[in-house]
Amino acid sequence: AGGLAFGAPLGTLLGTVGIVLSASFKFGLARGLGRQWIRPHLGPSFRRIEARLEDTGTWFVAAATGHPAGPMAAVHWAAGLSSIPLGPFLLAVLLAGFVRAGLCSYFGEALARPGSMRFWLTSVALLAVVLLPLASRRFRRRAFGS
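Since the model is a prediction, treat every value here as computed from it, not as a measurement.

J.: How do you make sense of the overall build of the protein when you look at a structure like this?
T.: Scanning the protein for helices and strands turns up nine helices and zero strands. Put simply, the protein runs from its N terminus to its C terminus through helices and strands in the order α-α-α-α-α-α-α-α-α. Overall, the C-alpha framework of the protein stretches about 50 × 35 × 25 Å when taken along its three principal axes. Counting every position in the protein, which comprises 146 residues, the buried fraction comes to 34%. Within the protein, residue pairs in contact and separated by at least 24 positions form 73% of the contacts whose partners lie at least 6 positions apart. About 8,500 Å² of surface is accessible on the protein, with carbon and sulfur atoms providing 73% of the total. Measuring between centres, the 15 positive side-chain charges of the protein sit 6 Å from its 4 negative side-chain charges.

J.: What is the right way to look at the environment of serine 22 in this model?
T.: Positionally, serine 22 belongs in helix α2 (residues 8-33). Each C-alpha atom of the pair serine 22 and glutamate 109 lies 23 Å from the other, and the pair is 87 residues apart in sequence.

J.: What's the story with the nonpolar core in this structure? I'm lost.
T.: Ranked by internal contacts, the top residues of the largest apolar core, which has 16 residues, are Leu53, Val61, Ala79, Ile84, Phe89 and Val93. Setting aside anything within four residues of it in sequence, one finds valine 93 in contact with Ile19, Val20, Ala23, Val61, Thr65, His76 and Phe98.

J.: Any chance you could explain a positive patch on the surface here in plain terms?
T.: Together, Arg137, Arg138, Arg140, Arg141 and Arg142 line one region of the surface with positive charge. Along the chain, arginine 142 turns up in helix α9 (residues 137-144).

J.: Looking at this structure, I do not really get the packing of aromatic side chains. What am I missing?
T.: Here a ring pair, both rings aromatic, is described through the centre-centre distance and the interplanar angle of the planes. Within the structure shown, the criterion is met by two aromatic pairs. For the ring pair phenylalanine 27 and phenylalanine 89, a centre distance of 4.3 Å and an interplane angle of 20° mean the geometry is stacked. Pair noted here: phenylalanine 27 is in helix α2 and phenylalanine 89 is in helix α7 (residues 86-111), with a separation of 62 residues, a long-range link. With respect to burial, phenylalanine 27 and phenylalanine 89 carry one shared label: buried.

J.: Looking at this structure, how should I read the pattern of salt bridges?
T.: Note that side chains of opposite charge can pair when their charged atoms are close. On inspection of all chains with the given rule, the structure shows one salt bridge. Here glutamate 109 ties to arginine 118 by a salt bridge, and the two come within 2.7 Å at their closest N and O atoms. Under the relative-accessibility criterion, glutamate 109 is labelled buried at 18%.

J.: I keep staring at the packing of helix α5 (residues 58-66) against α7 and nothing clicks. Help me out?
T.: Relative placement of two packed helices is described by the angle separating their axes and the distance separating the axes. Close contact between α5 and α7 brings their axes to 8 Å; oriented N to C, the two are set at 25°. When the interaxial angle is binned, α5 and α7 end up roughly parallel. Handedness of the α5/α7 crossing: right-handed. Contacts from Thr58, Val61, Ala62, Ala64, Thr65 and Gly66 of α5 reach α7 at Pro88, Phe89, Ala92, Val93, Ala96, Gly97, Val99 and Arg100. Classifying every residue of the contact of α5 with α7 gives nine nonpolar, four polar and one charged.

Cut-offs applied
Residues numbered from 1 in each chain as written. Predicted model: local features only at pLDDT ≥ 70, side-chain atom pairs only at ≥ 80, totals over all residues. Heavy atoms only, no water. Helix = DSSP H or I, 4+ residues; strand = E, 2+ residues; numbered from the N terminus. Buried < 20%, exposed > 50% of the residue type's maximum accessible area, 1.4 Å probe, protein only. Contact = heavy atoms within 4.5 Å. Areas by Shrake-Rupley, 256 points an atom, 1.4 Å probe, with all protein chains shown as cover. Lys, Arg positive; Asp, Glu negative; His and termini not counted. Charge placed at Lys NZ, Arg CZ, Asp CG, Glu CD. Core = buried A, V, L, I, M, F, W, Y, C linked by side-chain atoms within 4.5 Å. Patch = residues over 30% accessible without salt bridge, like charges linked within 9 Å, V, L, I, M, F, W, Y side chains within 5 Å. Salt bridge = Lys/Arg side-chain N within 4 Å of Asp/Glu carboxyl O. Phe/Tyr/Trp six-rings, centres within 6.5 Å; stacked < 30°, edge-to-face > 60°. Axes fitted to C-alpha atoms, helices over the stretch in contact; angles between N-to-C directions. Parallel < 35°, antiparallel > 145°, perpendicular 65-115°, else oblique. Left-handed = near helix turned anticlockwise from the far one by under 90°. Nonpolar A, V, L, I, M, F, W, Y, C, P; charged D, E, K, R; others polar.

Just distances and angles here, no functional claims.
Structure below.
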């Protein structure tokens with residue numbers, strides 16, 4: 001929407017700011033409410049996400065944040081409940097959020113010209129970026145546990 005409304009450059013900037021503020025809020029709220037109080041109330045699916053966060057740290061946060069279809073919210077909440085330090089978390093979210101916002105803004109701007117070559121190239125590229133991780137058996141096993 002940012003790219004469609006404001007163009008790719010401003011849409012990217014505004015999108016990045018939104019992602020960083022949202023992630024910071026989720027992280028801070030999860031961390032501030034008390035990890036020991038919240039953890040027992042979450043199910044086994046959260047424990048799997050938390051285990052991945054503990055194993056891969058900010059790389060997992062960056063991958064989920066930067067991927068245009070990545071599960072940002074769950075990962076940002078889980079990061080607040082994990083032992084990931086705030087500084088590396090924010091750096092990962094800032095850099096990856098810029099990538100995600102840029103991809104989405106560029107696509108949004110291309111939507112203003114449906115049927116154009118730019119529209120089709122951007123659509124195919126975005127679809128490829130979304131589906132590419134599924135080509136990896138290791139990714140599927142880690143992401144879906146199968």
